[in-house]
Amino acid sequence: MGRSGRSRKAGGFGGLGATWSKLTGRGTGSYIALDVGSSSVKLLEVRGPGGSPEIVRAGMAPVPEGALQNNTVQDVVAVSEVIRRLVDGLGVTARQVVTAVPGPSVIIKKARLALRPDEDLETLLMIEAANFIPENIENVSLDYQVLSHEETEAEVLLVAVRKDILSGFTMAIADAGLEPAIVDVDYFALENMYELNYDCGADDVVALINVGSRYSSINIVKGGVSTTTGDVQAGGGEITDTLVSSLGLSYDDAEQAQSGASLGTEMDAKVRLVLERGVAELADAINQSLRFLWRTASDEPLHAVLVTGGGARVPGLLESLSTRLEAPVEMANPFGRVQISRSLDAVALEEMAPSLGVAVGLGTRRPGDA
Ligand SMILES: Nc1ncnc2c1ncn2[C@@H]1O[C@H](COP(=O)(O)OP(=O)(O)OP(=O)(O)O)[C@@H](O)[C@H]1O
Ligand SMILES: [Mg+2]
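Small disclaimer: the values here were computed from a predicted structure and weren't measured. (Residues numbered from 1 in each chain as written. Chains lettered and ligands numbered in written order. Predicted model: local features only at pLDDT ≥ 70, side-chain atom pairs only at ≥ 80, totals over all residues. Heavy atoms only, no water.)

Asks: Which residues make up unusual backbone geometry, and what are the values?
Replies: The phi dihedral of Asn71 falls on the positive side, at around 65 degrees, and the residue is not glycine. Among the structural elements, Asn71 can be located in the loop between strand E4 (68–69) and strand E5 (72–73). The phi dihedral of Glu326 is positive, around 50 degrees, even though this residue is not glycine. Judged by its relative accessible area of 69%, Glu326 falls in the exposed class. (Helix = DSSP H or I, 4+ residues; strand = E, 2+ residues; numbered from the N terminus. Buried < 20%, exposed > 50% of the residue type's maximum accessible area, 1.4 Å probe, protein only.)

The structure is reproduced here in structure tokens:
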């Protein structure tokens, strides 16, 4: 699964024992990296090996309000229609999809298991998983990553997602005429994006943050390996909502205003006040969760804070975070070491870059990779 860090190991939700080996397309075909959010769907068509993907198509499309709520696809038909139109509009030829479920929808647990000689770890996991996952095991899909495996003991990272949440995403993809090949988690996709584009010193503590519309994911990485993940139930969407409710703006006008467009001198002054307050609240919430996760992970200072997600573009957010965290905060560049096809509009891609962090991370995954 995506937590695998450096080697970008294979996996995905499919139940213990499920393998992706039956899926074809090892390394050289083209794939769709699809980040389905409550505000927009982000799509990349990538080709080449996962360790050095080339982007051949890229695009985003808005998701109707309410089609995705509480980390769940509420309206499969509407979401699949958005995906289908995006795929058709971009002329995407790949069919296999790598996607992610939202971080808040998964349960992640580290499990230490005592092994008897010759005991098979996977069989043991199938028996023991129920002790670690606070959900009826029948209702979840499990994935795992072996962190250490010795003769008498193994440490495993268990990841579980409710089957109904998972199926909302996979059904929307299948209904769009595509094949859901790997389902990752957005935290881990972010980590793969980082690993692809950045060098991390052995002791460096780096915070990766994806600020979405309704929630923000945090992944604390030490020496290039994820130590803790968490999320904040807040994103850029709340600020848009407040612009609508407190200033009586239409949703479209509020979005425009939030991205810096002028609505006239008088309104701009009011917008500025709402934005300042919204940004302060969002930065406070992220700061609080991030400090907790970081302090759980390490005593070292934060070496860097890299931010992605549409919400990262709200004016003033990065500066507010930097002041609170007393650390350098910058927008991540998801394309630093990514090849871009010459047929792509570089300016349009650059414009979308902050929103494509998770999608680039997904673009490093390949069905059947080891
Ligand atoms: N140029 C911009 N300026 C300010 N805010 C922006 C800009 N572009 C997008 N946003 C904000 O970013 C948010 C959308 O970000 P993103 O696309 O990452 O969310 P999402 O993945 O659809 O949602 P989620 O992950 O929460 O389900 C919206 O709240 C939007 O207002
Ligand atoms: Mg998102």
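Asks: Can you break down the pattern of salt bridges residue by residue, with the values?
Replies: Under the defined criterion, the tally for this structure stands at 14 salt bridges. With a closest N to O distance of 3.0 Å, Glu54 and Arg47 form a salt bridge. Under the relative-accessibility criterion, Glu54 is labelled buried at 15%. Of the charged contacts, one joins Glu119 and Arg116 as a salt bridge, the two residues approaching to 3.5 Å between their closest N and O atoms. Looking at Arg116, the relative accessible area reads 59%, which means it is exposed. Put simply, Arg112, Glu153 and Glu155 are held in one network by salt bridges that share partners. (Salt bridge = Lys/Arg side-chain N within 4 Å of Asp/Glu carboxyl O.)

Asks: So what's going on with the site of ligand 1? Residues and values would help.
Replies: Lining the immediate surroundings of ligand 1 are 20 residues, of which Ser38, Ser39, Lys42, Ser213 and Arg214 lie closest. Here an oxygen atom of ligand 1 sits 2.9 Å away from a polar atom, N or O, in the main chain of Gly237. Alone, ligand 1 offers 650 Å² of accessible surface; in the complex the protein occludes 88% of this. With respect to the detected pockets, ligand 1 is housed in the largest pocket. Elements with a minimum of two residues in the shell around ligand 1: strand E2 (40–47) and helix H5 (236–247). Ranked by the residues each element gives to the shell around ligand 1, the list is headed by H5, at three residues. Along the lines of polarity and charge, the residues of the shell around ligand 1 split into three nonpolar, 14 polar and three charged. Lining the shell around ligand 1 are residues from two domains, each supplying at least three of them: domain 1 (2–199 + 333–362) and domain 2 (232–329). (Near = heavy atom within 4 Å. Polar contact = N/O pair within 3.5 Å; in protein donor to acceptor, adjacent residues only side chain to side chain. Areas by Shrake-Rupley, 256 points an atom, 1.4 Å probe, with all protein chains shown as cover. 1 Å grid on protein atoms, 1.4 Å probe; cavity = no way out; pocket = protein on both sides within 12 Å on 5 of 7 lines; lining within 4 Å. Sits in = over half its atoms within 2 Å of the grid points. Nonpolar A, V, L, I, M, F, W, Y, C, P; charged D, E, K, R; others polar. Domains from an automatic or database assignment.)

Asks: I'd like a rundown of the domain arrangement of the protein, residues and numbers included.
Replies: Looking at the protein, the domain boundaries give domain 1 (2–199 + 333–362) and domain 2 (232–329). Each of domain 1 and domain 2 has a C-alpha centre, and these two points are 26 Å apart. Every contact between the two is made by ten residues of domain 1 and, on the other side, seven residues of domain 2. With both sides pooled, the region where domain 1 packs onto domain 2 buries about 670 Å², and carbon together with sulfur makes up 53% of that total. Among the residues domain 1 hides against domain 2, the three largest losses belong to Glu351, Pro354 and Ser355. Together they make up 46% of the total. In this structure, the connection of domain 1 to domain 2 is made through one salt bridge. Considering every element that reaches the side of domain 1 that touches domain 2, the biggest residue donor is helix H4 (residues 186–197), with three residues. Along the lines of polarity and charge, the residues of the side of domain 1 that touches domain 2 split into six nonpolar, two polar and two charged. (Contact = heavy atoms within 4.5 Å. Buried area = accessible area lost by both parts, 1.4 Å probe.)

Asks: Quick one: what's the story with H5, residue by residue and with numbers?
Replies: Given a rise of 1.5 Å per residue, twelve residues ought to cover 16 Å, and the 17 Å separating the end C-alpha atoms of H5 matches this to within 8%. Within H5 the residues assigned to the buried category are Gly236, Gly237, Ile239, Thr240, Leu243 and Leu247. Within H5, the buried residues cover an arc of 165 degrees as seen down the axis, which keeps them to one side. Residues of H5 that are buried make contact with strand E11 (205–211), helix H6 (251–258) and helix H7 (265–297). (Expected span 1.5 Å × (residues − 1). Arc of directions from axis to C-beta.)

Asks: Describe the packing of H7 against helix H8 (residues 317–325), listing the residues and the values that go with them.
Replies: Where H7 meets H8, the closest approach of the two axes is 9 Å, and the angle between their N-to-C directions is 45 degrees. Judged by the inter-axis angle, H7 sits oblique to H8. Every pair of crossing elements has a handedness; the one defined by H7 and H8 is right-handed. From H7, Val279, Ala280, Leu282, Ala283, Asp284, Ile286, Asn287, Leu290 and Arg291 reach across to H8, where they touch Leu317, Ser320, Leu321, Arg324 and Leu325. Classifying every residue of the contact of H7 with H8 by side-chain character gives nine nonpolar, two polar and three charged. (Axes fitted to C-alpha atoms, helices over the stretch in contact; angles between N-to-C directions. Parallel < 35°, antiparallel > 145°, perpendicular 65-115°, else oblique. Left-handed = near helix turned anticlockwise from the far one by under 90°.)

Asks: I'd like a description of the environment of Gly48, backed by residues and values.
Replies: One can find Gly48 in the loop between E2 and strand E3 (54–62). Each C-alpha atom of the pair Gly48 and Gln339 lies 9.9 Å from the other, and the pair is 291 residues apart in sequence.

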